[in-house]
Structures are given as structure tokens and as C-alpha cells.
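Given next are the chains, with one letter for each unit.
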Amino acid sequence: GKGQHRHFMLKEIFEQPEVIGGTLKTMLNPAERTITLPYLPFDLAGIGRVRIIACGTSYYAAMVAKYWIEQLARVPVEVDIASEFRYRSPPLEQGGLAIFISQSGETADTLAALRHCRANGQHCLALVNVPESTIAREADGVLETLAGPEIGVASTKAFTTQLTVLACLAVALGRARGALDRAAEAEVCRALAEVPSRVADVLRDDSAIRAIAPSIAEARDVLYLGRGTGYPIALEGALKLKEVSYIHAEAYAAGELKHGPIALIDDSVPVIVICPSDHLYDKTASNVQEVVARGGRVIFLSDRHGIARLSAKVAATIELPEVASFVAPLLYAIPVQMLAYHVAVAKGTDVDQPRNLAKSVTVE
Ligand code: M6R
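Rules and cut-offs
- Residues numbered from 1 in each chain as written.
- Predicted model: local features only at pLDDT ≥ 70, side-chain atom pairs only at ≥ 80, totals over all residues.
- Heavy atoms only, no water.
- UniProt positions renumbered as here; feature names shortened; annotations may be inferred.
- Near = heavy atom within 4 Å.
- Polar contact = N/O pair within 3.5 Å; in protein donor to acceptor, adjacent residues only side chain to side chain.
- Areas by Shrake-Rupley, 256 points an atom, 1.4 Å probe, with all protein chains shown as cover.
- Nonpolar A, V, L, I, M, F, W, Y, C, P; charged D, E, K, R; others polar.
- Pairing = 2+ DSSP bridges.
- Helix = DSSP H or I, 4+ residues; strand = E, 2+ residues; numbered from the N terminus.
- Right-handed = clockwise from strand over helix to strand, strands pointing away.
- pLDDT = per-residue confidence, 0-100.

- An unreviewed UniProt entry lists the chain under the name Glutamine--fructose-6-phosphate aminotransferase [isomerizing], from Magnetospirillum molischianum DSM 120.
- What UniProt records for the chain under Function (unreviewed entry) is the sentence "Catalyzes the first step in hexosamine metabolism, converting fructose-6P into glucosamine-6P using glutamine as a nitrogen source."
- The record in UniProt for the chain states the following under Catalytic activity (unreviewed entry): "D-fructose 6-phosphate + L-glutamine = D-glucosamine 6-phosphate + L-glutamate".

**Digging into the site of the ligand**
Okay, step 1: Around the ligand lies a shell of 14 residues, among which Ser58, Ser102, Gln103, Thr107 and Glu243 are the nearest.
Okay, step 2: Here an oxygen atom of the ligand and a backbone polar atom of Thr57 are 3.1 Å apart.
Okay, step 3: Within the contact set of the ligand, an oxygen atom lies 2.4 Å away from a side-chain nitrogen or oxygen of Thr107.
Okay, step 4: Relative to its unbound accessible area of 410 Å², the ligand is 92% covered by the protein chains.
Okay, step 5: The residue inventory of the shell around the ligand, partitioned by class, reads 4 nonpolar, 8 polar and 2 charged.

**Quick look at the pairing of strand 9 (residues 248–253)**
Okay, step 1: Sheet topology places strand 8 (residues 221–226) next to strand 9; 6 bridges connect them, and they run parallel. The partner of Leu225 across the bridge, within strand 9, is Tyr252.
Okay, step 2: The β-α-β motif built from strand 8, the intervening helix 10 (residues 230–245) and the parallel element strand 9 has right-handed crossover chirality.

**Looking at the confidence of the model for the chain**
Okay, step 1: For the chain, the average pLDDT comes to 96, and 100% of its residues sit at 70 or higher.
Okay, step 2: Here the prediction assigns the complex a pTM of 0.98, and the interface score ipTM is 0.99.

What follows is the structure, given as C-alpha cells:
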């Protein structure tokens, strides 16, 4: 049941410290600061190309993984929406690694993409939350998210546990490929080990998010901006808001702003900005300045340093713990989920069973 929580979505959001921790435990040795993946029926050292295929929220996890794997393993990664991939028939080189991310393991398009890749000489790795699912059964290897059953139609804990596994995979591939040394592995492991407690910190004080929810609930359109791994988190935030509150939301890579979306900005459009203190901070902060200068109402998500350094006059700030930039997407996923949830509650929508949506999309 939902326990003390009003909705499954909220319960599942609050389970994240525990399920991220449980998923990490299967791969991370915190004392040695090393990652060991479960057995895979192929050698990661021989993988020179990665393709990741998924739908919806699982696709946004794939996008984060592209940044991570390219950074740590220096292996080129291509990400695809399953429904696009399967009808495009892209040329596939023998022996490539194809990863299929699916909470349910039953998504029709992702399954069709897996079958196409298997028939075309790819090592197929499933990343699923349901180990007895069709996608898990048909893949060559399986990595499991230990999110537990996800009931809310809006995916929350499945997403952050997918990210957890993908971060470990990026480290393992980096080590196998010789792109990541022991010291660098230890550093990432230390950052990962901290994630469950930092996520718990975010959940402990959600007052800033609750405070802005009523004003977002009145908006007709909401924009989300981010750079680097903050970009897929912006996309995920916009999807969550659309799904549960029915408010039109769009996400853009912050650098794309002046290539079009800035025309949408006026004082009626809240702009949620994902902006941790990292090497991209200044770039995103200058986009914030541009939005504010056009009357945009910015809600700025950053850490203490990032908020202190910001000169633009924003409508609200949401402070997150300071963490290594590699793990930031795991943390910034939480406030965007919470915001969507509280906005939906303010609007009185059916949070766990939004209109027109099914938990798993087993037909095209
Ligand atoms: O079970 P899957 O991960 O394959 O599902 C993919 C999408 O249908 C799913 O993530 C969907 O976008 C969610 N409703 C997002 O909250």
C-alpha cells in the first residue's frame, strides 16, 4: 500500500534513498572504492561503441548515460528512442554493445529494437526493474535496478535506480577500456556512495518546492533548461510535469535558448533552471540573465555556492546539497519530481493514474 503517503508517486519518491542504496550495494564496494558488475556474457574491454535504446523516462536515463560513458570510458555512445530506432534500420557493426533500458521490461518498441539488434550481431544488455520480463529474458545479459514495484504511472524511483546502474556501468567500462585509473574510479565511487544520504537530505526539506508549487500550478506553459547531464534532467522534469499536472512543459538545452525558445519568454512563463556548480555553471547562469532580462520568472536549482554566485534576480531558488558534478543528475532528479507532484496535487489531478496514460506501453 501507500503507507503514510497520500499517493504512490510520493511514496516512491521517498523510497529513493533506500532503493538507490540497495542498487548501489550490488555493485559498489565502499571500502575499496571499486565497482564490480554482475557477470556479463561478453568482455567490456572489447566494446568500442555503445548504443542505448529506450522510451520516455528510460530514454532520459540513456541520455545521462551518454555523457557519463563518453566522459569516463571515452567510448562513443549513441542514444535512440526505441520507436525511431526500430524503423530506421541503422547499420550496425558486429560486436557492438546495445543497451535496452526499461522499467517494465515489456515496452513494445524497446523489445522490437532489442530483437533487431540481436538479429544483427550486437551484444544485448537489458537494464530492467522486472527481471522476469520479456526484455530481460531475450537479452544476452541483464543488469537489474532494485527499485521494487513501481505503481505510479509517472516513473520516479525506477529512473534514479537506472541512473545508479548506468553510473556503475560507466565506471566498469572505463576501467575495462583503460580510460579510467584507480584513483579516478575511487573518486567516482566516493561520490556515488554519498548519493543515498544526499537524496535523503533533499527529501527532508521540501518546503521551498512546496512554496512555489501553487504559482506553477497557475502557469499555462513551463520551460526547463539545463546543460550537460542537467539537460536530460530538464527533459525529465518537463515530462513529469506534463504527465501528472497536464501543464504544457518543454525542456531545452540551455545553449539552445537563443536559437529560438527565448521568443517564448515573458512574465507568465516560469523557467526552471538546473544549474549545479560545475564547469558549465557560468554558461547556464548567463542564460538565466538573458531570461530575467526578458521578464522571465526563473526558478533556480543549484547548490549554496551556485546560488550565492548568481547575480540575476530570480523568482525563487531551490538549494541542493553540494556534490561531485558526476552524481549531480541523481540529485537534481528529485526536486523536479517533487515539483511535478506538488503542482499536480495543487491542481487536483489523479497523480497515480494520469489521464490517457498506461504504466507500461505494450502496444505501439
Ligand atoms: O517500462 P519502460 O521503462 O520501458 O517505460 C518507458 C516509458 O513508457 C515510461 O518511462 C514513461 O515515459 C513514464 N510514464 C514516464 O514517467
